[in-house]
Amino acid sequence: MIEVCGLTVRSGGFRLAAADLGVPSGGYGVLMGRTGSGKTTLLEGICGLRPATAGAVRLDGIDITGAPLAARGIGYVPQDLALFPTMSVRDHLGFALRVRRVPRAEIATRVAALAESLEIAHLVERGVRDLSGGEARRVALGRALSFRPRLLLLDEPLAAVDEATRDRLCVLLRRIQREHGVTTLHVTHSRDEARRLADILYVIEHGVVTARPLASLAAAGDDA
Amino acid sequence: MRRAADDPAAGAEAPLPGALPPGRMERPFRAGPDWPFHAAFIAIGSVYVLLVVALLAADVLSTSPRHLLEALAKPEIRFAVRLTLVTCTIAALLSIVVGMPLAYLLSRHEFRGRRAVEAVLDIPVVLPPLVLGLSLLILFHLPVAGTTLESLAQRHLGMRVAYTPVAVVIAQFAVACAFAVHSLQVTFDRIDPRAEQVARTLGCRRDQAFCRVVLPQAWRGVVAAFTIAWARSLGEFGPILVFAGATRMRTEVLSTTVFLELSVGQLEAAVAVSLIMIAAAIVVLAIVRLLGGKVA
């Protein structure tokens, strides 16, 4: 369970003021907002890339507001994915486990299982430079899930892929999230994604976060 | 060429001052050809390119394989070649070790005094070399709290600095490091900091993110910076002359050799040694270019 209480984060000239939101354990939260509304700043505040000037972030009841990034146990998929250009797909999936000094044999088993469930088992030997948009997103998702995080943060994970890929990834995201039972916060500007994925919905406008009933998604129009 | 009638502004009821009446054509305008511009720029620009090529050609033409072998047979010059290779390599390694943290901090962090640090790093690049050498000499002999750096080195490290090979390395490092920092800073600027941030969310400390994610992406830039630092050290002369002296078989490096041979009228030997240095410079240039970097 993730609870954000009055989180205030500054990012350059932008200020995210006293954001409140919560996603129950194993739930899929979607945060909708236009470009520049503060979505990314909020995610960066939650995972610790930007210091909070006020407020608190609690993960499964533990206050992690001031905790170091590495100790938070949050899987983060940034919008640009930020794959490691010198590493293979296998290295990506095993990276967090190697850092945690998980025994080699266990890494191999877990990486194989993860690759299988993300349908990228045939790619593990490849580098990441020439992956397609959909493949690259699966690798970034696998890297973020590899260490069994308590929270998964997805920043516009389906932006900039074609419609067919987006449909497949939507199904994959929902399945993977249920399989792993990981609490997820997915940021998007697409009403369609929210409709297909959300258990709980928030909207962010000009740095202000408000909860919305899922029923509000039934209204016409595709984008926020 | 444009008809006044096409201009939306001209469609307004009152024509703009100076506008032609509807239906009248503007006089055709001839812009003239572009070739004089290209011809002039190519002519002026090629003066410098030709000068550099002519310099190299002159060196090659004014020596012979016999002169080269004779020069290389002299024990003083053999010593200078060896000392040059050793000191340049040590100075370049030091430049990377010291320059890498500095370049990374400058590339990744906004901090108070950052611009001042960058300005300080430009000083060795623009300072007249002789002044730099003199400054080193003064620094090591400046009495502070009843002692000097020179006597501290003698007492604790058991070595003299000024007028020894150690001074050669320090003089080379003092300039080469600034170039290494500039080059490495560009390298780190080109690497997306987002990947390090993700690595940290995956459990890395900053040092782990640096070693596992940044360095593998930076190695070409590091080799290029090492090569640039090495080349700068090879060309170093003024500071070495002042701070390390030009003692044969002791502090003589190749740039000193050229000076010493010239000063005793041995033009052939000077040219032969120059050619060795040109060859080394060309190898350096090739390495840097292959790695996609720039020398300056």
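What counts and how
Here the residue numbers are simple positions, counted from 1 along each chain's written sequence. The order in which chains are written sets their letters, starting at A; the order in which ligands are written sets their numbers, starting at 1. pLDDT decides what is reported in this predicted model: residues at 70 or higher carry local features, side-chain atom pairs at 80 or more are listed and counted, and totals for whole chains, interfaces and linings draw on all residues regardless. Here the side-chain values reflect all heavy atoms present in the structure, with hydrogen atoms and water set aside. Aromatic rings from Phe, Tyr and Trp, with only the six-membered ring used for Trp, were paired whenever their centres fell within 6.5 Å, and each pair was classed as stacked if the ring planes differed by under 30 degrees, edge-to-face if by over 60, and tilted otherwise. Only when the NZ of Lys or the CZ of Arg is both within 6 Å of the ring centre and within 35 degrees of the ring normal is a charge said to sit over the ring. Two strands pair under a simple rule: DSSP has to find at least two bridges between them. Strands are runs of DSSP state E lasting at least 2 residues, helices are runs of H or I lasting at least 4, and numbering of each runs from the N terminus. To define axes, lines are fitted to C-alpha atoms, for helices over the stretch in contact only, and angles between the resulting N-to-C directions are given on a 0 to 180 degree scale. The predictor reports its confidence for every residue as pLDDT, a score running from 0 up to 100. We call two residues contacting when some pair of their heavy atoms lies within 4.5 Å. We define a nonpolar core as any set of buried Ala, Val, Leu, Ile, Met, Phe, Trp, Tyr and Cys residues linked to one another through side-chain atoms lying within 4.5 Å. Burial status follows relative accessibility: with a 1.4 Å probe on protein chains alone, a residue under 20% of its type maximum counts as buried, one over 50% as exposed, and anything between as partly exposed. Any residue with relative accessible area above 30% and no salt bridge may belong to a patch, with like charges joined within 9 Å and the nonpolar Val, Leu, Ile, Met, Phe, Trp and Tyr side chains within 5 Å. Using the Shrake-Rupley algorithm and a 1.4 Å probe, accessible areas are obtained, with residue cover drawn only from the displayed protein chains. Each salt bridge in this description consists of a side-chain nitrogen of Lys or Arg and a carboxyl oxygen of Asp or Glu lying within 4 Å of one another. Each of two parts loses accessible area, computed with a 1.4 Å probe, when they are put together; buried area is these two losses added. Throughout this description, a polar contact denotes any pair of N or O atoms lying within 3.5 Å of each other; where both atoms belong to protein, one of them has to be capable of donating a hydrogen while the other can accept it, and for residues adjacent in sequence the pair is counted only when both atoms sit in side chains. In what follows, roughly perpendicular refers to angles from 65 to 115 degrees, roughly parallel to angles under 35, roughly antiparallel to angles over 145, and oblique to any angle outside these ranges. Handedness of a helix crossing follows the sense of rotation of the near helix relative to the far helix, less than a right angle counterclockwise being left-handed and clockwise being right-handed. Nonpolar residues are Ala, Val, Leu, Ile, Met, Phe, Trp, Tyr, Cys and Pro. Charged residues are Asp, Glu, Lys and Arg, and all others, Gly as well, are polar. Here the bounds of each domain stem from an automatic or database domain assignment. Helix span, as expected, comes to 1.5 Å for every residue beyond the first. We define the bend at any residue as the angle between the axes fitted to the seven residues before and including it, ending there, and the seven starting there. The criterion for a disulfide is a pair of cysteine sulfur atoms lying within 2.5 Å.

Colleague: Report on the packing of aromatic side chains, specifying residues and quantitative values.
Modeller: Evaluated as defined, the whole model comprises seven aromatic pairs over all chains. Ring-pair connections join several aromatic residues into one group, and the members of that group are B:Y104, B:F188 and B:F210. When the ring centre of A:F84 is taken as reference, the NZ or CZ atom of A:R143 above it lies at 4.6 Å. Across the ring face of B:F179, the terminal group of B:R232 is positioned such that the distance to the ring centre comes to 4.0 Å.

Colleague: Outline the sheet that holds strand β3 (residues 28–32) of chain A, supporting the account with residue identities and numerical values.
Modeller: All names here are of chain A. Spatially, the six strands line up as an open sheet ordered β6-β7-β8-β3-β9-β10, and their pairing is mixed. Both outer strands of the open sheet, β6 (74–77) and β10 (208–212), are each paired with one neighbouring strand and no more. Between one strand and the next, the sheet's axes are offset by a mean angle of 20°, whatever the strand orientation.

Colleague: Before we move on, can you summarise the confidence of the model for chain B with the specific residues and values?
Modeller: On average, residues of chain B score 88 in pLDDT, and 93% of them are at 70 or above. Below pLDDT 50 for its whole length, residues 1–12 of chain B participates in eight contacts with residues either more than four positions away or in separate chains.

Colleague: Quick rundown of the nonpolar core? Include the residues and the values.
Modeller: The biggest cluster of nonpolar side chains holds 83 residues, and the ones touching the most others in it are A:L31, A:L42, A:I46, A:F84, A:V89, A:F95 and A:L153. Apart from the residues within four sequence positions on either side, A:I46 is in contact with A:I2, A:V4, A:L7, A:V57, A:I64, A:R72, A:I74, A:L151, A:L153 and A:L185. Core analysis: the second largest hydrophobic core is formed by 22 residues, B:A80, B:A229, B:L254 and B:M277 among them.

Colleague: Lay out unusual backbone geometry with the relevant residues and their values.
Modeller: When glycine is set aside, most residues are seen to have a negative phi, and most peptide bonds are trans. For A:R101, which is not glycine, the phi torsion reads 55° and is therefore positive. Residue classification places A:R101 among the exposed residues on the basis of a relative accessible area of 73%.

Colleague: Summarise a nonpolar patch on the surface; cite the residues concerned and give the values.
Modeller: Residues and elements named next belong to chain B. Judged by side-chain polarity, Y48, L51, V52, L55 and L56 come together as a nonpolar surface patch covering roughly 470 Å² of accessible area. For L55, the position within the fold is in helix α1 (residues 35–61). Given a relative accessible area of 48%, L55 falls into the partly exposed group.

Colleague: An account of the interface of chain B and chain A is requested, with residue identities and associated values reported.
Modeller: With 16 residues of chain B at the contact, the number on the chain A side is 24 residues. The contact between chain B and chain A buries some 1,700 Å² in all, and 66% of this surface belongs to carbon and sulfur atoms. The largest per-residue losses of area from chain B upon contact with chain A belong to B:R194, B:T201 and B:L202, which jointly make up 41% of the total buried on that side. Across the chain B-chain A interface, the total number found is one salt bridge. Put simply, A:E44 and B:R194 hold a salt bridge, and the shortest N to O gap is 2.9 Å. Taken together, the links from chain B to chain A amount to four residue pairs in polar contact (both at pLDDT 80 or more). Of all the secondary-structure elements, those providing two or more residues to the side of chain B that touches chain A are α8 (193–201) and α9 (206–235) of chain B.

Colleague: How would you sum up the pattern of salt bridges? Please name residues and give values.
Modeller: Side chains that differ in charge, positive against negative, can pair when their charged atoms come close. Residues and elements named next belong to chain A. Counting across every chain of the model gives 19 salt bridges over all chains. Here E3 ties to R58 by a salt bridge, and the two come within 3.9 Å at their closest N and O atoms. Here E3 is found in strand β1 (residues 2–11), whereas its partner R58 is found in strand β4 (residues 52–59), with 55 residues between them in sequence. Relative accessible area serves as the criterion here: at 24%, E3 is assigned to the partly exposed category. Measuring nitrogen to oxygen at the nearest pair gives 3.2 Å for the salt bridge that ties D199 to R174. On the criterion of sequence distance, the pair formed by D199 in the loop between α6 (191–197) and β9 (200–205) and R174 in helix α5 (residues 163–180) is long-range, its members being 25 residues apart. Residue classification places D199 among the partly exposed residues on the basis of a relative accessible area of 38%. When salt bridges that share partners are traced, they join E119, R138, R175 and E179 into one network.

Colleague: Explain the packing of helix α2 (residues 89–99) of chain A against helix α4 (residues 133–145) of chain A to me, and be specific about the residues and the numbers.
Modeller: Residue and element names in this part refer to chain A. Contact pair α2 / α4: the axes reach a minimum separation of 7 Å and the direction vectors enclose 25°. By the angle between their directions, the pair α2 and α4 is classed as roughly parallel. As α2 packs across α4, the resulting crossing turns out to be right-handed. Touching V89, H92 and L93 of α2 are V139, G142 and R143, all from α4. For the contact of α2 with α4, the class distribution of residues is three nonpolar, two polar and one charged.

Colleague: So, the domain arrangement of chain B: which residues are in play, and what are the values?
Modeller: Domain boundaries in chain B define domain 1 (30–61) and domain 2 (66–290). The C-alpha-based centres of domain 1 of chain B and domain 2 of chain B are spaced at 33 Å.

Colleague: Quick rundown of helix α7 (residues 165–190) of chain B? Include the residues and the values.
Modeller: For α7(B), with 26 residues, the first-to-last C-alpha span of 37 Å sits near the 38 Å given by 1.5 Å per residue. At B:A174, α7(B) shows its maximal bend, which comes to roughly 30°.

Colleague: How would you explain the state of the cysteines if you had to name every residue and give the values?
Modeller: All names here are of chain A. Evaluated as defined, the whole model comprises zero disulfides over all chains. For C5, which is in no disulfide, the shortest distance to another cysteine sulfur is to C47 and amounts to 17 Å. The partly exposed category is assigned to C5, whose relative accessible area is 29%.

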